[in-house]
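Letter by letter, the chains look like this.
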Amino acid sequence: VAPDNLRAVPGRGSEGEVGVRSYRVGSLRWMEELGVDLGALAEPARAQQQQGATLSAMAERTAQGLTLCALMAFGDEPKPGAREALAALRARGIRTVMISGDNRGAAEAMARRLGLRPEAGEVRAEVLPGDKAAQIAALRDAGTGAAGRQVVAMVGDGVNDAPALAAADVGLAMGNGTDVAMHAAGITLMRGDLALVAAALDISDRTVAKIRQNLFWAFIYNVAGIPLAALGFLNPVVAGAAMAMSS
């Protein structure tokens, strides 16, 4: 039976009615905010979280308030090649941090599978969608030394990632992600392959190097040509031809 009056609650879950019965489905944090008692399922829920599972609960609105109906555990699998992609970024001297809305146990378990170190602050867990941009700002302001500021790139593909993609110095969206993420990001990767992040940085570095190279030769060309032209040693026709060749 399809639910009626279905409404999404950002960062928490969804609610709706099935017939005359009203339900809430969402995170344990939301259930706690709503005053739902997990009862005998509290201990199994804690055990599942410690094993790295992401938990959701379903509660029904009754005359006595919200009553727990079910507890659901989900396990995530990392994208193929994600661990290697993060290793490639670290090899370039780039610090990688995972920002997740999952509970800390699940986020840290996934981080370790990817080669990240939760103990080194490389995991930000239980972050609501509206707070991801604030996490980007905090990472940017965590710089040390004379610069006092870090350049932060954000990689994401979902609706909840859009504010953080826009807030980052460089936003990279996945081509198979949501439209709002791609509109918020400055770069869209053609595939949902994290290895393309390092490739995009390589292309950027080579592009900047080529721009600097071109500016150097243009500067040298003008430094040499302007005095010759001013002294009358450079025919305008020759100067025009040389300019076209240099371009």
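First, a word on scope: everything that follows refers to the structure included in this document. From a predicted model like this one, the values you see are computed outputs, not experimental measurements.

Analysis parameters
- Residues numbered from 1 in each chain as written.
- Predicted model: local features only at pLDDT ≥ 70, side-chain atom pairs only at ≥ 80, totals over all residues.
- Heavy atoms only, no water.
- Core = buried A, V, L, I, M, F, W, Y, C linked by side-chain atoms within 4.5 Å.
- Buried < 20%, exposed > 50% of the residue type's maximum accessible area, 1.4 Å probe, protein only.
- Helix = DSSP H or I, 4+ residues; strand = E, 2+ residues; numbered from the N terminus.
- Contact = heavy atoms within 4.5 Å.
- Pairing = 2+ DSSP bridges.
- Axes fitted to C-alpha atoms, helices over the stretch in contact; angles between N-to-C directions.
- Polar contact = N/O pair within 3.5 Å; in protein donor to acceptor, adjacent residues only side chain to side chain.

### So, the nonpolar core
Counting 18 residues, the largest nonpolar core has Met98, Leu114, Val123 and Leu189 as its most contacted members. Mapped by element, the contributors of at least two residues to this core are helix H3 (82-91), helix H4 (104-113), strand E9 (170-174) and helix H8 (195-230). Not counting the four nearest positions on each side in its chain, leucine 114 is found in contact with Pro78, Ala82, Arg83, Leu86, Arg90 and Met98.

### Some points on the sheet that holds E9
In spatial order, the strands read E8-E9-E10; together these three strands make up an open sheet with parallel pairing. In this open sheet, the two edge strands, each paired with only one partner strand, are strand E8 (153-156) and strand E10 (187-189). Going from strand to strand, the sheet's axes swing by 20° on average, the running direction of each strand aside. Pairing between E8 and E9: four bridges, direction parallel. By the bridge assignment, methionine 154 is partnered in E9 with glycine 171. Where H8 meets the sheet, its contacts fall on E8, E9 and E10, and the angle it forms with E10 comes to roughly 135°.

### Concerning the environment of arginine 83
Here arginine 83 is to be found in helix H3. Through-space distance from the C-alpha of arginine 83 to that of alanine 195 is 9.4 Å; in sequence the pair is 112 residues apart. Setting aside chain neighbours within four positions, we find arginine 83 in contact with Arg112, Arg113, Leu114 and Gly115. A distance of 3.4 Å separates a polar atom in the side chain of arginine 83 from the backbone oxygen of arginine 112.

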